[in-house]
Amino acid sequence: MDRRTYLGLVGVAVASVAGCVTQRPDDTDTATPPPPPPQTPTTRTPRLDEFERVDVVSDLGCDPTGDEPCVSKLQAGLADGVALEFPAGTYRFEDRLDISGHTGIALVGVGAGSVNVVPPKGFNSVLVDVGSTDRFIMRGIDIDITANDTTAGIRVLCRKWFEIDDVEFVGRGTHPDDDVVHALLAGLTEASGRGLIRNFRATKGSAIGHYKDGDGRAGISIGPWNFGTIRIEDCHLEEFGNNGIYASRTSGNVEVVGGLFRNNNVASIRISGNGSYVSGATVEVDLGSYTGPLTQLDSQFNTRGIAIEQGPADKPPGVEIRDCTIRIEETPRSKGGIYIFPTGRTVTVRNTTIQVNVDEVPAVYRSVLEPQGQYEPAEAPHWINLENVEITGRARGAAGVVLYDAPESVIRNCTIDQSGTDRDGVYLTNSVSTTIDGGSISTSRYPVVVELTNEREREACLLQFESVPELQTRGDGGAFASGSTVRIEANEYRVDGGGVVGPVECLAVNDFDPVVDGDDTLAITGTRDGNVEWLRFVAR
């Protein structure tokens, strides 16, 4: 490079919490008590010309051919306010470069051509280790891990500010050890701190199935050691066994802007809470394009697109996903394009396109509120807000949107077009007072399904329409005939008549004639003369 369980879905529900072990910064202590919430960053971005420039070849005697080790020489050249400049070449790191206790340090590749840092063969640890430093820059330096069973990581824990820019891991980051170092672990110890990770690349992250009980390799890891705001901009991460971006259990804010994230196990992007968002990213799951080993595809293998959860982190609700493109094309197991774990709280998705072509996989899935491994479900609210979202695809079975335990959710001006057989549009369980406002829902079976099992009050608002969407089914009619059998979730139901309800402000149990009871399920099947048509199912 030049410078530069409507389903059961696809596995056991509790076993599918792959990625729910405690996130940790390798050997860094995480017991720091939480500070106040992140503040608006006020730290001034340092300029490279503020550093004293030191040429690692001419000034420190490093060998740019890679024949001789150079870490000891670099270590000796570290001083406050120094920028170590690497001319194009290959630099052999015989050990970890320890950068700690400085006001500011920079590592910068200069000139034409690439700068490659090579760890020892068989290495599996942090190669560049930054801690207790106010400001840090790493720019234009690649890490060559092409040797067999060799990998490396970067760890940056600063007080005020850091920038990682134009850095690439070249080679596949696999290692036979049970615990494999993350590509980049980052954090800020001050709430007013600001970090930038830009154009960080690893296209052969590790092996997609190598989750290793939570100790597999992640692309970018931001956890409870971070209290500031970190922006991840235009990055490219593929084929990691333990999340592309794992940034859901921090009290700080994480801003993911742009970038491509493909074929990462557990999730390509994993975030949570108010102040964090994903904007303009492309997320893909397509194992047809995967180039690595297909091993260890056990119950911990689950290729979600974007996942929302916060484990034990105490963070207010309000994460957002906007202007993104998500595609689930080919995978043996996925919980969804956007998946909200039990410890996830509210989510707003705007102006986003989600295409799912894998059977039984929803585009958006809010899971049942049950224990997530060792963690209890997050406190309310748990609503999902979808605005101007387009959901398409040829997936069969399940539904485009599946919401459990998500009362007061909103689906506004969305286009849901599900062409696969036996596919519903929206499926709601224990999600009272959900609002559908405009848009269109076109499916091969039922546009909207409402399960009533948990409804105890006959006046409970099941569903409300601010404006009735265009509803259409392309089914053959068998799923609508009275007496026919329909399978929903793991249960079989008998279609038991139906009727028409006016588009009142709120559809309650008592609005239906005959009145449905608490063990039934309803389907909204279409509209007629401005009214809503419905079917009633009775469990067999």
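What you see as residue numbers is a count from 1 along each chain, following the sequence as written. With the structure being a predicted model, the display of local features is reserved for residues of pLDDT at least 70 and the display and counting of side-chain atom pairs for 80 or more, all residues being used for whole-chain, interface and lining totals. Only hydrogens and water are set aside when side-chain values are computed; all heavy atoms of the structure are taken into account.

Looking only at helices and strands, the chain has one helix and 42 strands in total. Out of the 540 residues belonging to the chain, those deemed buried represent 59%. Here, Shrake-Rupley sampling with a 1.4 Å probe gives the accessible areas, and only protein chains in the shown set may cover a residue. Carbon and sulfur atoms make up 45% of the accessible area of the chain, which totals about 19,000 Å². Helix and strand definitions here come from DSSP, where helices need a minimum of 4 consecutive H or I residues and strands a minimum of 2 consecutive E residues; each element is numbered from the N-terminal end. For each residue, the accessible area found with a 1.4 Å probe, counting protein chains only, is set against the maximum for its type, and the residue is called buried under 20%, exposed over 50%, and partly exposed in between.

Right, let's talk about the environment of Thr90 for a bit. Within the element layout of this structure, Thr90 appears in strand S3 (residues 82–92). Here Thr90 falls in the partly exposed class, since its relative accessible area comes to 27%. Separated by 23 residues in sequence, Thr90 and Asp67 have C-alpha atoms that sit 8.6 Å apart. It only takes one pair of heavy atoms within 4.5 Å for two residues to be counted as in contact. In this view, Thr90 contacts Asp63, Pro64, Thr65, Gly66, Asn116 and Val118; residues no more than four positions away in its chain are not counted.

Between the rings of Phe, Tyr and Trp (Trp by its six-membered ring), a pair exists once the centres lie within 6.5 Å; its type follows the angle of the planes, with under 30 degrees stacked, over 60 edge-to-face, and the other angles tilted. For the coordinates displayed, the defined rule picks out nine aromatic pairs. Relative to Phe341, the ring of Tyr339 lies with its centre 4.8 Å away and its plane at 85°, an arrangement referred to as edge-to-face. Of the two residues examined, Tyr339 and Phe341, each falls in the buried class. Here Tyr404 and Tyr427 contribute two aromatic rings whose centre-to-centre distance is 6.1 Å and whose plane-to-plane angle is 65°, an arrangement assigned as edge-to-face. Separated by 23 residues along the polypeptide, Tyr404 in strand S29 (residues 399–404) and Tyr427 in strand S32 (residues 424–429) bring together distant segments of the chain.

The pLDDT value expresses, per residue, how confident the predictor is, ranging between 0 and 100. On average, residues of the chain score 89 in pLDDT, and 89% of them are at 70 or above. Confidence drops under pLDDT 50 across residues 1–22; counting only partners more than four residues distant or on other chains, this segment forms 85 contacts. With pLDDT under 50 throughout, residues 27–38 is counted as low confidence; its partners more than four residues away or in other chains account for 19 contacts.

Looking at where Arg366 falls in the secondary structure, it is placed in strand S26 (residues 364–366). For the buried Arg366, no salt bridge exists, and the shortest N-O distance to an oppositely charged side chain is 7.0 Å, to Asp405. We call two N or O atoms a polar contact when they sit within 3.5 Å, provided that within protein one can donate a hydrogen and the other can accept it, with sequence-adjacent residues counted only if both atoms are side-chain atoms. One polar contact links the side chain of Arg366 to the main-chain carbonyl oxygen of Arg345, over a distance of 3.3 Å. Just so you know, the count uses Lys and Arg for positive and Asp and Glu for negative, and it drops His and the chain ends. Put simply, a salt bridge is a Lys or Arg side-chain nitrogen that is within 4 Å of an Asp or Glu carboxyl oxygen.

Turning our eyes to something else, we now look at the pairing of strand S20 (residues 303–308). Burial within S20 is extensive, with six of its six residues counted as buried. In this description, strands pair whenever DSSP reports at least two bridges between them. In this sheet, strand S23 (residues 338–340) lies alongside S20 in parallel orientation, the contact comprising three bridges. Bridged to Ile306 within S23 is Ile338.

This part covers the state of the cysteines. When the sulfur atoms of two cysteines come within 2.5 Å, that pair is taken as a disulfide. Under the definition given, this model contains one disulfide. Here Cys461 connects covalently by a disulfide to Cys506, the sulfurs 2.0 Å from one another. In this pair, Cys461 sits in strand S36 (residues 461–467) while Cys506 sits in the loop between strand S39 (491–501) and strand S40 (507–508), placing the two residues 45 residues apart along the sequence. The class for Cys506 is partly exposed, based on a relative accessible area of 24%. As a non-bridged cysteine, Cys62 has Cys70 as the owner of its nearest cysteine sulfur, 3.9 Å distant.

The next subject is the nonpolar core. Nonpolar side chains in soluble globular proteins tend to end up buried together. In this text, buried Ala, Val, Leu, Ile, Met, Phe, Trp, Tyr and Cys residues form a nonpolar core when linked through side-chain atoms within 4.5 Å. In this structure, Leu107, Phe136, Ile197 and Phe200 are the most contacted members of the largest nonpolar core, which totals 112 residues. Excluding its chain neighbours within four sequence positions, the residues that come into contact with Phe136 are Ile99, Ile105, Leu107, Val128, Val130, Val156, Cys158, Trp161, Phe162, Glu163 and Ile164. Ranked by size, the runner-up nonpolar core spans 19 residues in total, among them Tyr365, Val449, Val486 and Tyr493.

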